[in-house]
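Per-entry structural report
Spelled out, the chains give:
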Amino acid sequence: MNKYTRKLKPDTNLKGEYTMESNHFNDPAIFGGCSVPIRVNRKSKPDATVVNINGIRIGSSEVVVIAGPCAVESHEQLIETAIAVKAAGGMILRGGAFKPRSSPYNFQGLGEEGLKMLRDISRETGLPVVTEVMDTRQVELVAGYADMLQVGSRNMQNYPLLKEVGTHRKPVLLKRGMMATIEEFLLAAEYILNQGNEQVVLCERGIRTFETSTRNTLDLSAVPMLKHLTHLPVIVDPSHGTGHRWMVPAMAKAAVAVGADGLIIEVHHKPEEALCDGYQSLSPNEFARLMTDLKKIALAIGRDITLP
Ligand code: PEP
Ligand code: MN
């Protein structure tokens with residue numbers, strides 16, 4: 001027994017979940033045929049975790065919709081979009097100030113200036129804000145402005161970053177790595193919980209497959225699987241999950257139907273002028289129509305979405 005195989009909690013009945021070297025896929029002692037680390041494991045905490053983002057609770061019977069632009073571009077863009085999001089029933093505002101762009105020549109985000117806009121517009125509208133942090137050196141700064149820290153798909157296995165956001169007391173939105181298994185996703189979340197931060201929301205945002213007609217393959221089967229394995233709330237991003245504006249409503253409704261605790265949807269007041277991901281962003285009218293439909297789905301499965 002070395003430090004990697006020793007039990008974290010000697011009194012637990014869970015076996016093997018946190019050993020590094022066991023062949024856990026074939027071990028019948030492992031819950032669900034998949035190695036689920038102890039802190040995120042539903043067996044060690046049967047009650048669902050509710051994550052509180054400045055008063056907005058994710059993981060209760062209410063389905064929470066996060067919406068806003070891919071990137072913060074200007075004060076006008078953000079306030080116009082935020083007002084539309086709030087009017088339609090969106091509860092939390094999203095918007096990237098530090099953007100992980102595939103090309104170094106694309107718009108990289110406004111940085112701290114964008115964070116200030118998020119904070120100011122959050123105060124104006126009363127909507128809490130979530131924004132991405134890409135680097136351990138930015139965590140302090142971003143946590144000073146945002147209500148929730150997003151760790152993006154490309155950083156799901158950035159272990160120093162996971163540890164750093166775990167030491168802060170801000171809720172974390174952890175997006176699934178585009179090539180991560182459910183097990184790797186849960187292990188990434190475990191890094192955050194291990195630092196003492198249990199306020200973690202998991203986000204399915206599509207994975208890479210052989211399919212090229214969609215930007216990613218939105219793995220909606222991950223929702224019931226994650227809900228089965230972990231007590232953490234699970235939300236879905238149908239915008240990055242499909243890469244097509246016209247597909248977002250269908251997949252958003254499907255996500256609520258399969259039990260997602262929330263959604264994160266890209267909305268832009270003028271999608272055709274967006275500097276980032278306009279092709280997958282809903283207009284304010286499209287978003288408002290979707291919210292009305294989502295409420296019907298939520299009610300049909302015994303949940304709710306409060307509309308203004
Ligand atoms: C985003 O939500 O802004 C984003 C970049 O998404 P992902 O990390 O899932 O690609
Ligand atoms: Mn985007």
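Criteria and thresholds
- Residues numbered from 1 in each chain as written.
- Chains lettered and ligands numbered in written order.
- Predicted model: local features only at pLDDT ≥ 70, side-chain atom pairs only at ≥ 80, totals over all residues.
- Heavy atoms only, no water.
- Near = heavy atom within 4 Å.
- Polar contact = N/O pair within 3.5 Å; in protein donor to acceptor, adjacent residues only side chain to side chain.
- Areas by Shrake-Rupley, 256 points an atom, 1.4 Å probe, with all protein chains shown as cover.
- 1 Å grid on protein atoms, 1.4 Å probe; cavity = no way out; pocket = protein on both sides within 12 Å on 5 of 7 lines; lining within 4 Å.
- Sits in = over half its atoms within 2 Å of the grid points.
- Nonpolar A, V, L, I, M, F, W, Y, C, P; charged D, E, K, R; others polar.
- Points joined across faces, edges and corners; volume = space filled by probe spheres on them.
- Axes fitted to C-alpha atoms, helices over the stretch in contact; angles between N-to-C directions.
- Helix = DSSP H or I, 4+ residues; strand = E, 2+ residues; numbered from the N terminus.
- Parallel < 35°, antiparallel > 145°, perpendicular 65-115°, else oblique.
- Left-handed = near helix turned anticlockwise from the far one by under 90°.
- Contact = heavy atoms within 4.5 Å.

Here the focus is the site of ligand 1. The environment of ligand 1 is formed by R94, K99, P100, E132, Q150, G152, S153, R154, K175, R205 and H240. In this structure, an oxygen atom belonging to ligand 1 sits 2.8 Å away from a side-chain N or O atom of R94. Within the side chain of R205, one N or O atom sits 2.6 Å away from an oxygen atom of ligand 1. When the free accessible area of ligand 1 is taken as 300 Å², the share hidden by the protein chains comes to 97%. Its atoms largely coinciding with the cavity grid, ligand 1 occupies the second largest pocket. Here the residues of the shell around ligand 1 sort into one nonpolar, four polar and six charged.

Roughly 260 Å³ of volume is contained in the second largest pocket. What lines the second largest pocket is a set of 20 residues, and nearest its centre among them are P100, R154, R215, H240 and D277. Residues belonging to the lining of the second largest pocket are distributed by class as follows: four nonpolar, seven polar and nine charged.

To continue, consider the packing of helix α5 (residues 182–194) against helix α6 (residues 222–229). Running from N to C, α5 and α6 cross one another at 50°; their axes reach a closest spacing of 11 Å. By the angle between their directions, the pair α5 and α6 is classed as oblique. Seen along the crossing, α5 lies across α6 with a hand that is right-handed. Within the contact between the two elements, α5 uses I182, F185 and L186 and α6 uses A222, M225, L226 and L229. Residues of the contact of α5 with α6, tallied by class, amount to seven nonpolar, no polar and no charged.

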